[in-house]
Amino acid sequence: MLQADAVQFDFSFYQPTLGEFVSVVSLWWLIGLTLIVVGAYGLNRSKTRWVELLALVTLMLGFGVCILLGWSFTPINRHRLYVWTDDRSINYWTDICLALMIWGTSLLVYGVGGKIGKRGVKRREQNAN
């Protein structure tokens, strides 16, 4: 009588550990928020058009990083489990919370960077003559 042989598959996909995942997401999030703060600060402190253009490009890069990072955590875009459990609902709600947290803080940091840039800048009044 024929016997069935045991078959074992070794999937070669890389599943990051929790520490690697947190450090990489935090690094990219910090890079995006730093670019947003520098851009918002530079827009309010700029004296010339070139500096203003450079600050605007920096601001756009920062928002681009945060938008893409947040988009990667939307449930539409996620196809793998990164929370180390088999429960899909935990992964779903963690995805939503991470995306909203990244997008929300980018807008908050933009407002804070703009207010810091406006502080101490004296606006010139038009000459009365």
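None of these values were measured; they are calculated from a predicted model.

Asks: What am I meant to see in the overall build of the protein chain here?
Replies: Of regular secondary structure, the protein chain possesses three helices and zero strands. For the protein chain, the N- to C-terminal ordering of α and β elements is α-α-α. The proportion of buried residues among the 129 residues of the protein chain is 29%. Pairs at least 24 apart in sequence give 69% of the contacts found in the protein chain among residues at least 6 apart. Entry remark: accessible area of the protein chain is about 10300 Å², with carbon and sulfur atoms responsible for 66%.

Asks: Looking at this structure, how should I read the packing of helix H1 (residues 18-45) against helix H2 (residues 49-71)?
Replies: Packed helices, taken two at a time, are described by the angle their axes make and the gap between the axes. Remark: H1 packs on H2, axes separated minimally by 7 Å, with the N-to-C direction vectors making an angle of 150 degrees. One element, H1, and the other, H2, form an angle in the roughly antiparallel class. Seen along the crossing, H1 lies across H2 with a hand that is left-handed. Of the residues in H2, those touching H1 at Val25, Trp28, Trp29, Gly32, Leu33, Leu35, Ile36, Val38, Gly39, Ala40, Gly42 and Leu43 are Glu52, Ala55, Leu56, Thr58, Leu59, Leu61, Gly62, Phe63, Val65, Cys66 and Leu69. Among the residues making up the contact of H1 with H2, the classes are represented as 17 nonpolar, five polar and one charged.

Asks: Looking at this model, I keep getting lost on the pattern of salt bridges. Mind explaining?
Replies: Close approach of charged atoms allows side chains with opposite charge to pair. For the coordinates displayed, the defined rule picks out one salt bridge. One salt bridge in this structure joins Glu52 and Arg49, with 3.3 Å as the shortest N-O distance. Of this pair, Glu52 and Arg49 both sit in helix H2, separated by three residues, roughly a single helical turn.

Definitions and cut-offs
Residues numbered from 1 in each chain as written. Predicted model: local features only at pLDDT ≥ 70, side-chain atom pairs only at ≥ 80, totals over all residues. Heavy atoms only, no water. Helix = DSSP H or I, 4+ residues; strand = E, 2+ residues; numbered from the N terminus. Buried < 20%, exposed > 50% of the residue type's maximum accessible area, 1.4 Å probe, protein only. Contact = heavy atoms within 4.5 Å. Areas by Shrake-Rupley, 256 points an atom, 1.4 Å probe, with all protein chains shown as cover. Axes fitted to C-alpha atoms, helices over the stretch in contact; angles between N-to-C directions. Parallel < 35°, antiparallel > 145°, perpendicular 65-115°, else oblique. Left-handed = near helix turned anticlockwise from the far one by under 90°. Nonpolar A, V, L, I, M, F, W, Y, C, P; charged D, E, K, R; others polar. Salt bridge = Lys/Arg side-chain N within 4 Å of Asp/Glu carboxyl O.

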